[in-house]
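# Analysis of the macromolecular model
So the chains spell out like this:
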Amino acid sequence: MGNELCGVTWFKSTYSQAQGECVEVAHLESGRVGVRDSKNPSGPALVFPQGAWDAFLAGIMSGEF
């Protein structure tokens, strides 16, 4: 999985503040989604199947979290 994260473009929400306490996301070639802490870009990242990521975003939009 480590190679899958090399060279990807990470981004964060436009709602993020300048303090750097953000989550960054990358859409991977495999169709999965990588998530990491912006304060530690060389640290670990979580990788989710696209369906799980979509369900998470839907939960956020619906106020579930």
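Quick note: structure is the one above.
Residues numbered from 1 in each chain as written. Predicted model: local features only at pLDDT ≥ 70, side-chain atom pairs only at ≥ 80, totals over all residues. Heavy atoms only, no water.

### Structural notes on helix α2 (residues 50–62)
Think of an α-helix as turning once every 3.6 residues; residues three or four places apart then point the same way. In a regular helix each residue adds 1.5 Å, so 13 residues correspond to 18 Å; α2 covers 18 Å between its end C-alpha atoms and thus fits that length. After α2 finishes, the residue Gly-63 shows a positive phi value of roughly 85 degrees. (Helix = DSSP H or I, 4+ residues; strand = E, 2+ residues; numbered from the N terminus. Expected span 1.5 Å × (residues − 1).)

### Digging into a nonpolar patch on the surface
Nonpolar side chains collect at one region of the surface, where Phe-56, Leu-57, Ile-60, Met-61 and Phe-65 lie side by side and expose about 570 Å² of accessible area between them. Examined against the element boundaries, Phe-56 turns out to sit in helix α2. Judged by its relative accessible area of 36%, Phe-56 is partly exposed. (Patch = residues over 30% accessible without salt bridge, like charges linked within 9 Å, V, L, I, M, F, W, Y side chains within 5 Å. Areas by Shrake-Rupley, 256 points an atom, 1.4 Å probe, with all protein chains shown as cover. Salt bridge = Lys/Arg side-chain N within 4 Å of Asp/Glu carboxyl O. Buried < 20%, exposed > 50% of the residue type's maximum accessible area, 1.4 Å probe, protein only.)

### Some words on the layout of surface pockets
In this structure, the largest pocket occupies an estimated 240 Å³ of space. Along the walls of the largest pocket sit Phe-11, Lys-12, Ser-13, Thr-14, Tyr-15, Val-23, Val-25 and Trp-53, which together make up its complete lining. Classifying every residue of the lining of the largest pocket gives five nonpolar, two polar and one charged. (1 Å grid on protein atoms, 1.4 Å probe; cavity = no way out; pocket = protein on both sides within 12 Å on 5 of 7 lines; lining within 4 Å. Points joined across faces, edges and corners; volume = space filled by probe spheres on them. Nonpolar A, V, L, I, M, F, W, Y, C, P; charged D, E, K, R; others polar.)

### Overview of the environment of Val-8
As for its position among the elements, Val-8 is in the loop between α1 (2–5) and β1 (23–27). With relative accessibility at 21%, the residue Val-8 sits in the partly exposed group. For the pair formed by Val-8 and Pro-41, sequence separation is 33 residues and the distance between their alpha carbons is 12 Å. Here Val-8 is in contact with Ala-26 and Leu-28, once residues within four sequence places are set aside. (Contact = heavy atoms within 4.5 Å.)

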